[in-house]
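Listed below are the residues making up each chain.
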Amino acid sequence: MNDCIFCKIIKGEIPSNTIYEDETIKVMMDINPKTNGHLLVLPKEHYENLLTIDDNVLSKIIVYTREAYPMLNEKLGSQGLTLVNNNGEGQDVKHFHLHLIPRYVGEKIDMESSNNLSEIDEIYNKLMD
Ligand code: AMP
């Protein structure tokens, strides 16, 4: 879609910190993370939300997420993973995406703000190491 920011990122028109991509999905760092290592998994094709995304594409997103979970724990020292998927009200970007939010012992998350986090580039380098 022409006016979709995630489609522009996928086409390379807007930069992103991409940590994985294949022919179907792209995984990038959220620009406004809720915890260190907050990622977004998105389909390369434009689907608005959970109701319209193709079953096979959704399956690839979930399988990637399952593989990423121990990788995040290992590389970032997180001890859990919270998945968030907004649809309709509460969804700012109308291109399906799954939030992968690493969780750390003793740290609560506030979905309305981000506090005391590392620089995104520092986390990106850990993930790409
Ligand atoms: P949602 O409310 O589920 O639609 O969340 C959209 C998410 O996209 C938010 O967490 C934003 O921080 C994130 N976001 C918006 N623009 C960008 C961007 N250019 N690169 C990375 N993440 C972005």
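Up top you'll find the structure we're talking about.
Notes on the structure in this doc start here. Keep in mind the model is a prediction, meaning the values are calculated, not measured. (Residues numbered from 1 in each chain as written. Predicted model: local features only at pLDDT ≥ 70, side-chain atom pairs only at ≥ 80, totals over all residues. Heavy atoms only, no water.)

Some remarks on the sheet that holds strand S3 (residues 39-43)
- Pairing within the open sheet is antiparallel, and its five strands lie in the order S1-S2-S3-S5-S4. Every interior strand has two partners, whereas the edge strands, strand S1 (18-21) and strand S4 (80-84), have only one. Between one strand and the next, the sheet's axes are offset by a mean angle of 20°, whatever the strand orientation.
- Packing against the sheet, helix H2 (residues 55-76) makes contact with S1, strand S2 (25-29), S3, S4 and strand S5 (98-103), and its axis sits at approximately 20° to S5.
- Sheet contacts for helix H3 (residues 120-128): S1, S2 and S3; angle to S1, the most-contacted strand, approximately 40°. (Pairing = 2+ DSSP bridges. Helix = DSSP H or I, 4+ residues; strand = E, 2+ residues; numbered from the N terminus. Axes fitted to C-alpha atoms, helices over the stretch in contact; angles between N-to-C directions. Contact = heavy atoms within 4.5 Å.)

What about the site of the ligand?
- Around the ligand sit 16 residues, and of these Asp 30, Asp 92, Val 93, His 97 and His 99 come closest.
- One of the backbone N or O atoms of Ile 31 is found 3.2 Å from a nitrogen atom in the ligand.
- Within the side chain of His 97, a nitrogen or oxygen atom sits 2.8 Å from an oxygen atom of the ligand.
- Contact with the protein chains covers 85% of the free accessible surface of the ligand, which is 510 Å².
- A total of three residues in the shell around the ligand trace back to one element, the largest contributor, which is helix H1 (residues 5-11).
- Within the shell around the ligand, the residues separate by chemical class into eight nonpolar, six polar and two charged. (Near = heavy atom within 4 Å. Polar contact = N/O pair within 3.5 Å; in protein donor to acceptor, adjacent residues only side chain to side chain. Areas by Shrake-Rupley, 256 points an atom, 1.4 Å probe, with all protein chains shown as cover. Nonpolar A, V, L, I, M, F, W, Y, C, P; charged D, E, K, R; others polar.)

Here's the deal with the packing of aromatic side chains
- Following the criterion strictly, the structure yields one aromatic pair and no others.
- Summarising the aromatic geometry, the rings of Tyr 20 and Tyr 64 are spaced 5.1 Å apart at their centres and angled 25° between planes, so their arrangement reads as stacked. Of the two residues, Tyr 20 is situated in strand S1 and Tyr 64 in helix H2; the sequence distance between them amounts to 44 residues.
- A residue is classified by how much of its surface remains accessible, and Tyr 64, at 9% relative accessible area, is buried. (Phe/Tyr/Trp six-rings, centres within 6.5 Å; stacked < 30°, edge-to-face > 60°. Buried < 20%, exposed > 50% of the residue type's maximum accessible area, 1.4 Å probe, protein only.)

Looking at the environment of Ile 9
- Structurally, the position occupied by Ile 9 is in helix H1.
- Taking relative accessible area as the criterion, Ile 9 reaches 8% and is therefore assigned buried.
- Sequence separation between Ile 9 and Lys 26 is 17 residues; the distance between their C-alpha atoms is 9.6 Å.
- With residues up to four places along the chain from it excluded, the contact list for Ile 9 reads Ile 14, Ser 16, Lys 26 and Met 28.

Notes on the pattern of salt bridges
- One pass over the structure, following the stated rule, counts three salt bridges.
- For Lys 11, the salt bridge is made with Glu 13, and the minimal N-O distance between the two is 3.9 Å.
- With its nearest N and O atoms 2.9 Å apart, the salt bridge here joins Glu 21 to Lys 44. Taken together, the positions of Glu 21 in strand S1 and Lys 44 in the loop between S3 and H2 put the pair 23 residues apart, joining distant regions of the chain.
- Members of the salt-bridge network, linked through shared partners, are Glu 21, Lys 26 and Lys 44. (Salt bridge = Lys/Arg side-chain N within 4 Å of Asp/Glu carboxyl O.)

Remarks on the state of the cysteines
- If you walk through the whole model with that rule in mind, you get zero disulfides.
- This cysteine, Cys 4, is not joined by any disulfide, and Cys 7 carries the nearest cysteine sulfur, 3.7 Å off.
- The exposure class assigned to Cys 4 is buried, which follows from its relative accessible area of 7%.
- Among the residues examined, Cys 7 registers a relative accessible area of 7% and is labelled buried. (Disulfide = S-S within 2.5 Å.)

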